[in-house]
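What the coordinates show
Letter by letter, the chains look like this.
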Amino acid sequence: MSPRYAQLVRDADAKSAKGDFERAIDLYEAALDDSPRCAEIHYKLALLYDDKMNDPLNALHHFKRYLTLSPNGSHASDVKNSVKRDELAMLTSLSGDSVVTRTEAARLRNENLNLHKELDARSATSRSPPARSQGHDASSTKTTSGKSKARTYIVQSGDTLASISRKFYKSSARWKEILEANQKNIHNPENLKVGQSLIIP
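Residues numbered from 1 in each chain as written. Predicted model: local features only at pLDDT ≥ 70, side-chain atom pairs only at ≥ 80, totals over all residues. Heavy atoms only, no water.

Describing the overall build of the chain
Formally: By the criteria applied, helices consist of DSSP H or I runs no shorter than four residues and strands consist of E runs no shorter than two, each listed in order from the N terminus. Using a 1.4 Å probe on the protein chains alone, a residue whose accessible area is under 20% of its type maximum counts as buried, one over 50% counts as exposed, and one in between counts as partly exposed. Note on definitions: a residue-residue contact is assigned when non-hydrogen atoms from the two residues lie within 4.5 Å. Here the Shrake-Rupley method, with its probe set to 1.4 Å, supplies the accessible areas, and only the displayed protein chains count as covering residues.
Helix and strand counts for the chain stand at ten helices and two strands. Seen in sequence order, the chain has helices and strands lined up from the N terminus as α-α-α-α-α-α-α-α-β-α-α-β. When each of the 201 residues of the chain is scored for burial, the buried share is 34%. In the chain, the share of contacts with a sequence separation of at least 24, taken over all contacts with a separation of at least 6, comes to 54%. Total accessible area on the chain is roughly 12,200 Å²; 53% of this is exposed by carbon and sulfur atoms.

Structure (C-alpha cells):
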C-alpha cells in the first residue's frame, strides 16, 4: 500500500465522518485503481452514493465493482441485497412513474408489511405464551428469540432505513425489521425525519 493511497483513504474517511460526503467521494475516487485492495473503497463509495447522496445509479456501479474485485468478500451478501434494491429503484424512476411511483411502492410495501404483521400477531395469539418463556423475566419475553431489549436511535441527516440497518446489524437487509418496529411513527420510509426517535429491535 503506497503512502499516497493510504493518505487518500484516511482523508476520505475523515471527510465522510464529518459529513462532507462530496469531498469524501472525490478522495475515494482518487485512490481507486483496478487492484483487489480497492474493493473496500468501492464499497464505501457505494454506501455514500446509496445512503447519503440518494444516487442509486452510481451506487450500483460501485456495488458491482466490489463484487467483481471481491466476489466472496465480507460485504458480498449485503452488496447483493443492495444491488437488487437499487436496480428496483432505478427501474421505478426510469419508468417515468408509468408502472408505479416510488411513493406508491413504499405505501404498498408498508401495507404488505402491516398485513404480514397482523397475520403473525393472530398466529401468535393461538400459541401459548407461557410455553415459550423458558425462565426469562417478564420484560425479556416480549423480545423474540432471546434478543436483548430494543434500543433507540435518533435519525440524522442523510439517514435511510438501509443505512441505519447497516449501523446496527452490519447489513442493510434488516431495514424491514426497523420499519415494522416503527410503523406507527414512519409515514414515508423513503423520507425519514431528522431528529425522529426510532426503535431498533
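Side note on the confidence of the model for the chain
Spelled out, the test is: Confidence of the predictor at the level of single residues is given by pLDDT, which spans 0 to 100.
Mean pLDDT over the chain: 82, with 82% of residues reaching 70 or higher. Per-element mean pLDDT across the chain ranges from 38 in helix H8 (residues 138-141) up to 95 in helix H2 (residues 21-31). Here residues 131-146 is a poorly scored stretch, pLDDT under 50, and it has six contacts once near neighbours within four places are set aside; other chains count.

Overview of the packing of aromatic side chains
The criterion, for reference: Each aromatic pair joins two rings of Phe, Tyr and Trp (for Trp, the six-membered one) with centres within 6.5 Å, and gets the label stacked for planes under 30 degrees apart, edge-to-face for over 60, and tilted for any other angle. For a ring to carry a charge above it, either NZ of a lysine or CZ of an arginine must fall within 6 Å of the ring centroid while also lying within 35 degrees of the normal to the ring plane.
For the structure shown, the criterion picks out two aromatic pairs. Ring geometry for Tyr43 and Tyr66: centres 5.7 Å apart, planes at 50°, overall tilted. Taken together, the residues Tyr43 in helix H3 (residues 39-52) and Tyr66 in helix H4 (residues 56-69) connect sequence positions 23 residues apart. Taking 5.6 Å as the distance between ring centres and 85° as the angle between the ring planes, the aromatic pair formed by Tyr153 and Phe168 counts as edge-to-face. Here Phe168 lies in helix H9 (residues 161-169) and Tyr153 lies in strand S1 (residues 151-154), a separation of 15 residues in the sequence. Using a relative accessible area of 26% as the deciding quantity, one classes Phe168 as partly exposed. If you follow Arg37 out to its NZ or CZ, it ends over the ring of Tyr5, 3.9 Å from the centre. Directly above the aromatic system of Tyr169 lies the positively charged group of Arg174, at a separation of 3.8 Å from the ring centroid.

Examining the nonpolar core
Worth spelling out the cut-off: For the purposes of this section, nonpolar cores are sets of buried Ala, Val, Leu, Ile, Met, Phe, Trp, Tyr and Cys residues that join through side-chain atoms within 4.5 Å.
Residues Tyr28, Ile41, Phe63 and Val79 are the most contacted members of the largest nonpolar core, which totals 29 residues. Breaking this core down by element, the ones donating at least two residues are helix H1 (3-18), H2, H3, H4 and helix H5 (76-94). Top contributing element to this core by residue count: H3, with eight residues. Excluding anything up to four places from it in sequence, Val79 contacts Tyr43, Phe63, Tyr66 and Leu67. Leu161, Ile178, Ile186 and Leu198 belong to the second largest nonpolar core, which has 13 residues in total.

Describing unusual backbone geometry
Look at Asn54: it is not a glycine, yet its phi comes out positive at around 50°. Positive phi outside glycine occurs at Lys170, with the angle close to 60°. By secondary structure assignment, the location of Lys170 is in the loop between H9 and helix H10 (175-181).

Considering the pattern of salt bridges
Selection rule: In the sections that follow, a salt bridge refers to a side-chain nitrogen of Lys or Arg positioned within 4 Å of a carboxyl oxygen of Asp or Glu.
Overall, the coordinates contain twelve salt bridges when judged by the stated rule. Linking Arg85 and Asp50 is a salt bridge whose minimum nitrogen-to-oxygen distance equals 2.5 Å. With Arg85 in helix H5 and Asp50 in helix H3, this residue pair connects regions lying 35 residues apart in the sequence. With relative accessibility at 25%, the residue Arg85 sits in the partly exposed group. Overall, Asp50 belongs to the buried group, its relative accessible area being 10%.

A word on the packing of H3 against H4
Spelled out, the test is: Fitted lines through C-alpha atoms give the axes, limited to the stretch in contact for helices. The angle between two N-to-C directions lies from 0 to 180 degrees. Angular relationships are summarised with four words: roughly parallel below 35 degrees, roughly antiparallel beyond 145, roughly perpendicular across 65 to 115, and oblique for the angles in between. Handedness of a helix crossing follows the sense of rotation of the near helix relative to the far helix, less than a right angle counterclockwise being left-handed and clockwise being right-handed. Think of it as three bins: nonpolar holds Ala, Val, Leu, Ile, Met, Phe, Trp, Tyr, Cys and Pro, charged holds Asp, Glu, Lys and Arg, and polar takes everything else, Gly as well.
The contact between H3 and H4 brings their axes to 8 Å, and the two run at 160°. For the element pair H3 / H4, the angle class is roughly antiparallel. Where H3 crosses over H4, the two elements pack in a sense that is left-handed. Here H3 contributes Ala39, Glu40, His42, Tyr43, Leu45, Ala46, Leu47, Tyr49 and Asp50 to the contact with H4, which in turn contributes Asn58, Ala59, His62, Phe63, Arg65, Tyr66 and Leu69. For the contact of H3 with H4, the class distribution of residues is ten nonpolar, three polar and three charged.

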